[in-house]
Amino acid sequence: MVDVRALTVDAVIVIDGEVVLLERNHPPFEGSWVLPGGLVEPDETAREACIRETKEEVGLDVTIDGFVGLYDDPDRDERGNVSAAYRCTPRGDQTPTPRKEAAQVETFDPENLPEMGFDHEQIVTDALRE
């Protein structure tokens with residue numbers, strides 16, 4: 001049982017109408033497609049963590065466009081993590097590339113997403129609903 005639930009972030013990045021996803025190379029959900037993201041460090045805001053994690057995982061410098069929502073279902077992550085999700089836009093003309101924690105990175109049509117880990121399909125749906 002988890003005593004404290006950590007805060008994580010997830011970035012919804014759209015390039016040419018497609019969502020950037022990475023294939024996780026570690027548990028939980030190893031081998032699953034997910035949004036770039038990770039834990040918020042003690043010395044940073046959630047927005048700062050989102051920008052940092054996106055750079056670390058898929059090599060993109062991003063600007064945060066808006067807050068999607070807080071995802072806190074206790075069953076969303078076996079570690080008990082709560083996620084703050086943000087809509088982001090890449091700065092300049094960049095190509096996402098796999099880096100830390102990513103086996104591969106691809107972009108997907110939001111209407112034809114692969115099977116995704118965590119509750120990331122719901123986050124994408126919420127982020128693109130407007």
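Summary of the structure given here.

### Considering the overall build of the protein chain
- Of the regular secondary structure elements, the protein chain holds 2 helices and 7 strands.
- For the protein chain, the α and β elements follow one another from N to C terminus as β-β-β-β-α-β-β-β-α.
- Scaling as 2.2 N^0.38, a compact globule of 130 residues should have a C-alpha radius of gyration of about 14 Å, and the protein chain matches this with 13 Å.
- The principal-axis extent of the C-alpha atoms belonging to the protein chain is close to 45 × 30 × 30 Å.
- Within the protein chain, the fraction of its 130 residues that count as buried is 49%.
- Across the protein chain, the fraction of contacts at a sequence separation of at least 24, relative to all contacts at a separation of at least 6, is 70%.
- In the structure as shown, the protein chain presents an accessible area of about 7,000 Å², 46% of it carried by carbon and sulfur atoms.
- Considering the protein chain, the positive charge centre built from 12 side chains and the negative charge centre built from 30 side chains are found 5 Å apart.

### Let's talk about helix α2 (residues 120-128)
- All of the buried residues along α2 are H120, I123, V124 and A127. Taken around the axis of α2, the buried residues stretch over an arc of 100°, which confines them to a single face.
- Buried residues in α2 make contact with β1 (7-15), β2 (18-24), β3 (33-34), β5 (62-71) and β6 (82-90).

### Things to note about a nonpolar patch on the surface
- Residues L7, F67 and L70 make up a contiguous nonpolar surface patch of about 280 Å² in total accessible area.
- Along the chain, L7 turns up in strand β1.

### Some remarks on the packing of aromatic side chains
- In total, this model carries 3 aromatic pairs according to the counting rule given.
- Here the aromatic rings of W33 and F108 are separated by 5.0 Å at their centres, their planes lie at 70°, and the arrangement is edge-to-face. Taken as a pair, W33 in strand β3 and F108 in strand β7 (residues 102-108) lie far apart in primary sequence, 75 residues in all.

### Considerations on the nonpolar core
- Grouped together as the largest cluster of nonpolar side chains are 21 residues, with contacts concentrated most on V9, I13, V20, C50, L60, Y86 and C88.
- For this core, the secondary-structure elements that each account for two or more residues are β1, β2, α1 (46-58), β5, β6 and β7.
- Ignoring sequence-local partners within four residues, the contact set of V9 consists of P36, G37, G38, V40, A46, A49, C50, E53, S83, A84 and Y86.
- Formed by 14 residues, the second largest nonpolar core is a distinct cluster that contains L21, Y71, V124 and A127.

Conventions and cut-offs
- Here the residue numbers are simple positions, counted from 1 along each chain's written sequence.
- Where local features are concerned, this predicted model is filtered to residues with pLDDT of at least 70; where side-chain atom pairs are given and counted, the filter is 80 or more; whole-chain, interface and lining totals use all residues.
- Only hydrogens and water are set aside; all other atoms, that is, all heavy atoms of the structure, feed into the side-chain values.
- Runs of H or I in DSSP of at least four residues are treated as helices and runs of E of at least two as strands, each being numbered from the N terminus.
- The globule rule used for comparison is 2.2 Å times the number of residues to the exponent 0.38, while the radius of gyration itself is calculated over C-alpha atoms.
- Three exposure classes are used, based on accessible area relative to the maximum for each residue type with a 1.4 Å probe and protein chains only: buried under 20%, partly exposed in between, and exposed over 50%.
- Throughout, a residue-residue contact means that at least one pair of heavy atoms, one from each residue, lies within 4.5 Å.
- To be clear on the numbers: accessible area is Shrake-Rupley with a 1.4 Å probe, and residue cover counts the displayed protein chains and nothing else.
- Charged-residue counts in this description rest on Lys and Arg as positive and Asp and Glu as negative, His and the chain ends being excluded.
- The location of each charge is read from NZ of Lys, CZ of Arg, CG of Asp or CD of Glu.
- Directions from the helix axis toward the C-beta atoms define the arc.
- For patches, a residue must show more than 30% relative accessible area and have no salt bridge; joins then use 9 Å for like charges and 5 Å for nonpolar side chains, namely Val, Leu, Ile, Met, Phe, Trp and Tyr.
- We define a salt bridge as a side-chain nitrogen of Lys or Arg found within 4 Å of a carboxyl oxygen belonging to Asp or Glu.
- The aromatic pairing rule takes the rings of Phe, Tyr and Trp, using the six-membered ring of Trp, and pairs them if the centres are within 6.5 Å, calling planes under 30 degrees apart stacked, those over 60 edge-to-face and the rest tilted.
- Working definition of a nonpolar core: buried Ala, Val, Leu, Ile, Met, Phe, Trp, Tyr and Cys residues. They are joined through side-chain atoms within 4.5 Å.

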